[in-house]
Amino acid sequence: MAYKGTVKVVLFTSKSYKDGQHPVMLRVTIDRKSKYITIGTIRSNKTQWNAAAQRLKKNHINWRKGNQLISFKYGLAEQALHNLEMKGTSFTVLDFINEFQKPDDTRINLFQYFDSIINRNESGDSIRNAASYRTVKNSLLEYFQKTDIYMQDITYADIKNYISWLKGTKQVSGNTIANYLRYIKALFNTASKEKDISTKALESIKPSDYKSKPTKVTLIQKDILKIVDYNINDLHPGFDAKNIFVFMYLTYGTNFTDIAKLTAKNLIKTEQGYKISYNRSKTAKLIEVPLSDEAFRILNYYRSYRIKKKYIFPILDEDIHQTAKQKTTRIQTALKKFNKQMKALAKELNIMQNLSSYTARYSFATIMIQGGASLFELNQMFRHSTVNQTIQYVQSASTDELRKANDILLKR
């Protein structure tokens, strides 16, 4: 049993990462027994490590922040040893660990905070948000390979190394990386407000820098009419997908989720005919779209045979999909099936492009431009980076103008 111990900062060369670097660790020795303790996520190679000074050299990409963290951890370890020595009794390495790892309410565990945000989103029925946070959390867990990561310890270099790992080891697309970074920044921004956590490590990280421009698949009007005129019955596997696609196109690219949630209450009779009125799932913004004859025919077809059902289109079933999580899961599954069926229809109709729910939106914009609908300024709308911007722009027109524009969509 010992009454004293020593602490040293070392480059733990017994462990090597794929990039040739090694973790920087605290080595605590008590009664000739040593224990190695990680210092955040700091890693280095031999040429960037000053063994005599027990610090990173200036040629290390994160030498300043890294050395600050090393000094902080070293100080905590020295304080833990001092506390044990002041008791005047012998102690072991295990006693040191217990003293060193005493809970610190000011330090926020990254993954525990992720869990709290996930739980909040699930409690507030933001199921898709919760799922996205969980995906990012799991990705970070895979990268760090340990759970004792604290938000205060994460550096700019950690984030850049994580991005490099996503690109190289995981072969993740730029859009996915941008999405992950957006949720990480959102997490830190929330922690900054609630826990006074610094966001400096992420300030110069811009998700948009990693996002690739999407390939927008649009159809010429001739191909749209192929789909509209395709005479298939309800036994064809693509029957519902075809109807939903056409309805999307004729209602200015209505989002698949919003179509899934349409009920009879969303169908409004006006002096000019019918319109759908609903609050966008993503933004809660009120959207109103007058229905063309063909759009109303499709909607009315499903209303007539699903008269006892709450939802108009055969996507959600109120008897089965009751919770927000059940609805979200069902819509995601149905959307995958829809996109698959549209690809099959494209093949049947000799349409070269791969069709998806977004094709209806982009095709609507392009064909409106080609039809001379200058009142919408759709050339500008089509460049919008978000669906919300697109729909807001369409909604700036009056109902009468929108009805006139409907005539362009199926012009033969």
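Look up a bit, the structure's there.
Residues numbered from 1 in each chain as written. Predicted model: local features only at pLDDT ≥ 70, side-chain atom pairs only at ≥ 80, totals over all residues. Heavy atoms only, no water.

Undergrad: Give me the lowdown on the overall build of the chain, citing residues and values where you can.
TA: Counting its regular elements, the chain contains 16 helices and 8 strands. The contacts of the chain with a sequence gap of at least 6 include a subset with a gap of at least 24, amounting to 59%. (Helix = DSSP H or I, 4+ residues; strand = E, 2+ residues; numbered from the N terminus. Contact = heavy atoms within 4.5 Å.)

Undergrad: How would you explain the environment of S116 if you had to name every residue and give the values?
TA: Here S116 shows up in helix α3 (residues 110-123). Taking relative accessible area as the criterion, S116 reaches 25% and is therefore assigned partly exposed. At 2.6 Å, the side chain of S116 and the backbone oxygen of Y113 are in polar contact. (Buried < 20%, exposed > 50% of the residue type's maximum accessible area, 1.4 Å probe, protein only. Polar contact = N/O pair within 3.5 Å; in protein donor to acceptor, adjacent residues only side chain to side chain.)

Undergrad: Please give an account of helix α2 (residues 93-100) that cites residues and values.
TA: Buried within α2 we find V93, F96, I97, E99 and F100. Looking down the long axis of α2, one finds its buried residues gathered within 165 degrees of arc, a one-sided arrangement. The elements touched by buried residues of α2 are β2 (22-30), β3 (33-44) and α1 (63-86). (Arc of directions from axis to C-beta.)

Undergrad: Explain the sheet that holds strand β6 (residues 267-269) to me, and be specific about the residues and the numbers.
TA: Strand order in the open sheet formed by 3 strands is β6-β7-β8, and the pairing between neighbours is antiparallel. Only two strands of the sheet have a single neighbouring strand rather than two, namely β6 and β8 (286-290). Sheet twist, expressed as the mean angle between neighbouring strand axes with direction ignored, is 30 degrees. Here β6 pairs with strand β7 (residues 274-279) via 3 bridges, running antiparallel. Bridge assignment links K269 to a residue of β7, and that residue is Y274. (Pairing = 2+ DSSP bridges. Axes fitted to C-alpha atoms, helices over the stretch in contact; angles between N-to-C directions.)

Undergrad: Run through the sheet that holds strand β1 (residues 5-11), naming residues and quoting values.
TA: Spatial strand order, β1-β2-β3: 3 strands in an open sheet with antiparallel pairing. In this open sheet, the two edge strands, each paired with only one partner strand, are β1 and β3. If you compare each strand with its neighbour and ignore which way they point, the axes differ by 20 degrees on average. Of the pairings in the sheet, the one linking β1 to β2 comprises 7 bridges and is antiparallel in character. Pairing of G5 across the sheet is with I30, part of β2. The sheet contacts of α2 involve β2 and β3, and relative to β3 the element is tilted by about 35 degrees.

Undergrad: Hey, could you go over the packing of helix α4 (residues 127-144) against helix α5 (residues 156-168) for me, with residue numbers and the actual values?
TA: Axis separation between α4 and α5 bottoms out at 11 Å; the angle between their running directions is 95 degrees. Regarding the angle of α4 to α5, the classification is roughly perpendicular. Taking contact as the criterion, the partners of V136, S139, L140, E142 and Y143 in α4 are, on α5, D158, N161, Y162, W165 and L166. (Parallel < 35°, antiparallel > 145°, perpendicular 65-115°, else oblique.)

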